Amino acid sequence: MLSVIVNENNPVSKLTIDHIGKIYKGEITNWKELGGKDQEITLYGRQSSSGTYSFFMEHVLKGDYSAKMRSMDGNQAIINAVRQDESAMGYVGIGYLVDEKGNQVSGINILKVAKDKDSEYISPLNKEKLHEYTISRPLYQYFANKPAKDSAIYNFLMFELSAQGKDIVRKSGFDDITTLDNSNNEELLRKI
Amino acid sequence: MQNPRKFREKIIERSFSSVSAISLLILISIFIFLFITGIKAFTQISLSDFFLGNVWNPTAYGEPTWGILSLIVGTLMIAIGSLIIAIPLGLASAIYLSEIARPEIREIVKPAIEMIAGVPSVVLGLIGIVFLSPLIANIFGLSNGLNALTSSIIVAIMILPTIISISEDVLTSLPKDFREASLALGATKWQMIKMTLLPAGLSGIVAAIMLGLGRAVGETMAVLMVAGNSIAMPASFFDPIRPMTANIAIEINEVVKGSLHYEALFAIGLVLFVMTFAVNLISDIIIERQVRKYKW
Amino acid sequence: MVTENIRQNTYFILFRIAAFLSVVILLFVLLYVIKEGIGVININFLTSMWSHRDITQGGIFPAIIGTILLAIGVSIISIPLGICTAIYLNEYAKENMFTRTIKLAIRNLAGVPSIVYGIFGMAFFVLFLNLGGSLIAASLTLGCMTLPWIITASEEALKSVPYSFREGSYALGATKWETVRKNVLPHSFSGMITGSILGVSRAMGETAPIIMVGATFFMGYLPTSPFDKFMALPYHLFILATQHSSPSAGEYAMGTALVLIALIFILNLGIFILRYNLRKRKEW
């Protein structure tokens, strides 16, 4: 799941998906248009070969990024930049929002996002409303060939789907796969 | 017997010359591989779109655009910005080391400056991110310091040793007669430097500057970390820039091999190769003229 | 004349400031990295494997090993090549098109941007020769990049041998190779090796060429064959500085930078001292 972050001194704390899209397309350029300070918005995003970049573009912007957006080389680079820049806005995977001990990282505020003006504004860290948070995408694993039963790959897959594996996934900041995904996976694994 | 010895000598010489040819082979291979991959990009991108288009957007929402103009401008801004800083600083240091400093001081300062050349660019980039860019942001009241100015300063630091070292070599290798003749005519030391040495060593100094220019154009890691990397055409040195080197570095890792994006990145690499080749060629010609003028 | 003196003094003061400014910059860089990085340096940091989940538990030992292995690989590949090329250019080559072209090629190789070496290395060694991302692909790539520096350093060492040494040998009827082998090489060999090692030390700090040819941020094991991927200090530091999410990442980046700089500078210092001593022993 992707979160949208701003500097900790930024008063703006929630936005609709539409607003976020407009900001990243360059249609909204100043924080005061959103109830914040009179400061030009500095956009941080990923580089064009990044999956995050493409996903954010297709689901949130539904258009092209503003040419002024600064491409950073990774999630952490965006966090560092937003920390240092009061006018910044960036998007990062939620795994990067908490440190190893589970505390939220300092220096940034995480925006609550709503589907539209009348929906609820949800924070990506809200574990109960996880499935209603709008900016999320599934990650797939690909293999070159069908793994044989009891091969290292097969055992690794079983580990991933076990309770212990799922726990690690959750601790790394990713959301569980849905029940539909679970049944799809079981079908695929049965074919091995 | 003469013949086995001569034969052996010939073999040895041939072996050495073949080994030397490897350098040539490497250079040609680099060009070939850049060319065969990069040229494929132009089957789908027109030359004018590539060189004159100013939006680089390979994964656009609609049609991808492949204009590298803003990338070229980014590279040029760093080249110019870093030279503006490094030339006065470098030349002044070279003059000091060659003409003014006492030998003991020279023995310490010269190696010290050459040690800057030993600092890896990624370390300078790191210092740029954590120290220099917040500083620049503070001084100029910007929201952040990732821009052409910070990049120029970092690159200037990197090319300083090159400019100082070569200029100093040029000056010290000028014949003593030049100095003695000038001073004998009543010139002060500075007048001697300004009116005799600098004009005489001009070509060598220009060559040193061109080598620094080549390095500035080719610098990758340090600028990648502090340039801001936005594709918009910069309006001033306080704007973020995306030089060609940083663009390749930032996108090459996750690009699909063999795709048009991949080929376009190689095309940019080809442009970089040609640029640095041209700079080197010009500085070669200049050096040759300097050597011919003052055969010593 | 008085104004001329004033002008001269002003300029000279400015020049002195410029030169010392350059030294100050170097000192600042060193001291800054030391100050920010020394905190993480301890035996554990230098000798343990990298710990992915909690980086404060692990160390950069595999990155140090990787960098050293790369240095060895680059040396094996380019030092013999470079020295032979320097011998040819300085002792054998005549003033002809071939020689001029080789010299031009060497100067141009020195000017090629590091990222261009990286994509060349990827296209040629990793993909075309199918070596995969590996120590050997990276050593070959960095080797190409280091070759011009080694050739230049070796040429300087050869040039420093007075021509009279060669003349004396020829006068006694020796062939060219006998002259080179017995009269030139013994006196220049140490200079060539030390110059080459300086070149290799510069290669140790390069990041862009190794990103796409086998450098990894985290491997659970040390490389056991030349076809293995590897960790390396400059790439490790780059990722820690820009892409790692641990709150200690910044500090660890500085620590890694400190280790890298220390490695390079100790090598450089050692070579300088060695050269100073060797030069004192020479009688010309």
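Residues numbered from 1 in each chain as written. Chains lettered and ligands numbered in written order. Predicted model: local features only at pLDDT ≥ 70, side-chain atom pairs only at ≥ 80, totals over all residues.

1. Here's the deal with the domain arrangement of chain A
Residue and element names in this part refer to chain A.
Here is step 1: Per the domain assignment, the segments making up chain A are domain 1 (2-132) and domain 2 (152-190).
Here is step 2: For domain 1 and domain 2, the distance between their C-alpha centroids amounts to 28 Å.
Here is step 3: The partner domain 2 presents 4 residues to the 6 residues of domain 1 that form the contact. (Domains from an automatic or database assignment. Contact = placed C-beta atoms within 7 Å.)

2. Comments concerning unusual backbone geometry
Here is step 1: Even without being glycine, Lys62(A) reaches a positive phi, approximately 50 degrees.
Here is step 2: Topologically, Lys62(A) is positioned in the loop between helix H2 (51-61) and strand S4 (70-72).
Here is step 3: Residue classification places Lys62(A) among the exposed positions, given that 12 C-beta atoms sit within 10 Å.
Here is step 4: Of note in this structure, Asn130(C) is not a glycine but carries a positive phi near 60 degrees. (Helix = DSSP H or I, 4+ residues; strand = E, 2+ residues; numbered from the N terminus. Buried ≥ 20, exposed ≤ 12 C-beta atoms within 10 Å, placed from the backbone.)

3. What about the packing of helix H4 (residues 103-116) of chain B against helix H6 (residues 148-172) of chain B?
The packing of two helices is summarised by the inter-axis angle and the distance between the axes.
Residue and element names in this part refer to chain B.
Here is step 1: Between H4 and H6, the least distance of the axes is 8 Å, while the angle of their chain directions is 140 degrees. Between H4 and H6, the angle is such that the two are oblique. In this structure, the crossing between H4 and H6 has a hand that is left-handed. Within the contact between the two elements, H4 uses Ile113, Glu114 and Ile116 and H6 uses Ile157, Leu160, Pro161, Ile164 and Ser165. (Axes fitted to C-alpha atoms, helices over the stretch in contact; angles between N-to-C directions. Parallel < 35°, antiparallel > 145°, perpendicular 65-115°, else oblique. Left-handed = near helix turned anticlockwise from the far one by under 90°.)

4. Points about the interface of chain A and chain C
Here is step 1: Taken residue by residue, the interface counts 9 residues in chain A and 9 residues in chain C.
Here is step 2: Its residues assigned to classes, the side of chain A that touches chain C shows 3 nonpolar, 3 polar and 3 charged. (Nonpolar A, V, L, I, M, F, W, Y, C, P; charged D, E, K, R; others polar.)

5. Some words on the pairing of strand S1 (residues 2-7) of chain A
Residues and elements named next belong to chain A.
Here is step 1: Among the 6 residues in S1, 6 count as buried, and that is most of the element.
Here is step 2: For S1 and strand S5 (residues 88-93), the ladder comprises 5 bridges, and the chain directions are antiparallel. Bridged to Val6 within S5 is Met89. (Pairing = 2+ DSSP bridges.)

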